[in-house]
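In case you want the letters, here they are:
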Amino acid sequence: MSAPDGSPVGAERSIGQLFASATTEMSALVHDEIALAKAQLKQDVKRGATSGGAFTLAGAVLVFSLPMLNFALAYGIRTWSDWNLAICFLLSFAANVLVAAVLALIGVVFAKKAKKSKGPQKVAASMKETAGVLQKAKPHPRPGPATTPELEDRAPAAIEAVARSSS
């Protein structure tokens with residue numbers, strides 16, 4: 001068995017190895033946070049695109065359907081009710097406005113959802129916090145292996161014990 005940096009489990013690791021391991025893990029954390037920010041930004045862009053599409057669709061329905069739907073609906077109302085043709089045209093226009101209002105409402109709902117989302121801002125704050133911690137981190141001074149012979153004596157035995165137990 002071995003630790004993530006390749007050293008045997010149970011063996012004493014040097015300050016340099018510990019710092020290198022911490023640096024590698026923090027780098028992976030930063031990369032993961034960047035990937036999370038990208039994913040959240042992609043989701044916000046999709047919501048914004050859906051909102052824009054709904055608004056565009058509402059405008060297209062209102063513009064392109066007015067002439068044909070107004071005539072068909074107005075003459076249909078006139079046939080069924082014998083009302084004045086002008087009132088029938090006003091009623092058909094009101095129906096078109098109602099459809100466009102519903103589509104615009106859908107666009108507003110998606111626009112609010114896209115505006116509320118603060119995903120990338122949260123990730124950016126977390127990344128700044130992580131960077132601040134890394135800048136303040138300083139390794140604790142410890143005596144080297146030359147000044148502590150008891151650690152040097154134990155290290156080969158510990159490595160040998162771990163090697164025997166893992167095989």
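Anything mentioned here points back to the structure above.
Conventions used here
- Residues numbered from 1 in each chain as written.
- Predicted model: local features only at pLDDT ≥ 70, side-chain atom pairs only at ≥ 80, totals over all residues.
- Heavy atoms only, no water.
- Patch = residues over 30% accessible without salt bridge, like charges linked within 9 Å, V, L, I, M, F, W, Y side chains within 5 Å.
- Areas by Shrake-Rupley, 256 points an atom, 1.4 Å probe, with all protein chains shown as cover.
- Salt bridge = Lys/Arg side-chain N within 4 Å of Asp/Glu carboxyl O.
- Helix = DSSP H or I, 4+ residues; strand = E, 2+ residues; numbered from the N terminus.
- Axes fitted to C-alpha atoms, helices over the stretch in contact; angles between N-to-C directions.
- Parallel < 35°, antiparallel > 145°, perpendicular 65-115°, else oblique.
- Nonpolar A, V, L, I, M, F, W, Y, C, P; charged D, E, K, R; others polar.
- Buried < 20%, exposed > 50% of the residue type's maximum accessible area, 1.4 Å probe, protein only.
- Contact = heavy atoms within 4.5 Å.
- Phe/Tyr/Trp six-rings, centres within 6.5 Å; stacked < 30°, edge-to-face > 60°.
- Lys NZ or Arg CZ within 6 Å of the ring centre and 35° of its normal.

Novice: Which parts of the structure should I look at to understand a nonpolar patch on the surface?
Specialist: Together, Phe55, Leu105, Val108 and Val109 give the surface a local cluster of nonpolar side chains, amounting to about 330 Å² of exposed area. A total of 3 residues in the nonpolar patch trace back to one element, the largest contributor, which is helix α2 (residues 85-116). Its location among the elements puts phenylalanine 55 in helix α1 (residues 15-81).

Novice: I'm lost on the environment of isoleucine 34 in this one. Help?
Specialist: Relative to the helices and strands, isoleucine 34 is located in helix α1. Spatially, the C-alpha atoms of isoleucine 34 and methionine 127 are 8.4 Å apart, while their sequence positions differ by 93 residues.

Novice: How should I be thinking about the packing of α1 against α2 in this particular structure?
Specialist: In a pair of packed helices, the angle between the axes and the distance between the axes together describe the arrangement. It is the contact of α1 with α2, at a shortest axis distance of 8 Å, that shows an interaxial angle of 170°. Relative to α2, the element α1 is oriented roughly antiparallel. Along the lines of polarity and charge, the residues of the contact of α1 with α2 split into 29 nonpolar, 8 polar and 4 charged.

Novice: When you look at the side chain of asparagine 96 in this model, what are you seeing that I'm missing?
Specialist: By the secondary structure assignment, asparagine 96 is in helix α2. Judged by relative accessible area, asparagine 96 falls into the buried class, the value being 6%. Dropping the residues within four chain positions of it, asparagine 96 is found in contact with Leu62, Ser65, Leu66, Leu69 and Asn70.

Novice: Sorry if this is basic, but what is going on with unusual backbone geometry here?
Specialist: Trans is the common state for peptide bonds, and a negative phi is the common state for residues other than glycine. A positive phi angle, near 60°, is found at aspartate 82, a position not held by glycine. Structurally, the position occupied by aspartate 82 is in the loop between α1 and α2. Accessibility expressed as a relative area gives 65% for aspartate 82, which makes it exposed.

Novice: Got a minute to help me understand the packing of aromatic side chains in this structure?
Specialist: One pair of aromatic rings is described through two measures. These are the centre distance and the angle between the planes. Within the structure shown, the criterion is met by 3 aromatic pairs. Geometrically, the ring pair formed by phenylalanine 71 and phenylalanine 89 is edge-to-face, given 5.3 Å between the ring centres and 90° between the ring planes. Within this pair, whereas phenylalanine 71 is found in helix α1, its partner phenylalanine 89 is found in helix α2, the two being separated by 18 residues in sequence. With relative accessibility at 46%, the residue phenylalanine 71 sits in the partly exposed group. By relative accessible area, phenylalanine 89 is classed as partly exposed at 23%. Members of the aromatic cluster, connected to one another through ring pairs, are Phe71, Tyr75 and Phe89. In this structure, lysine 113 packs its charged tip against the face of phenylalanine 110, placed 5.6 Å from the ring centre.

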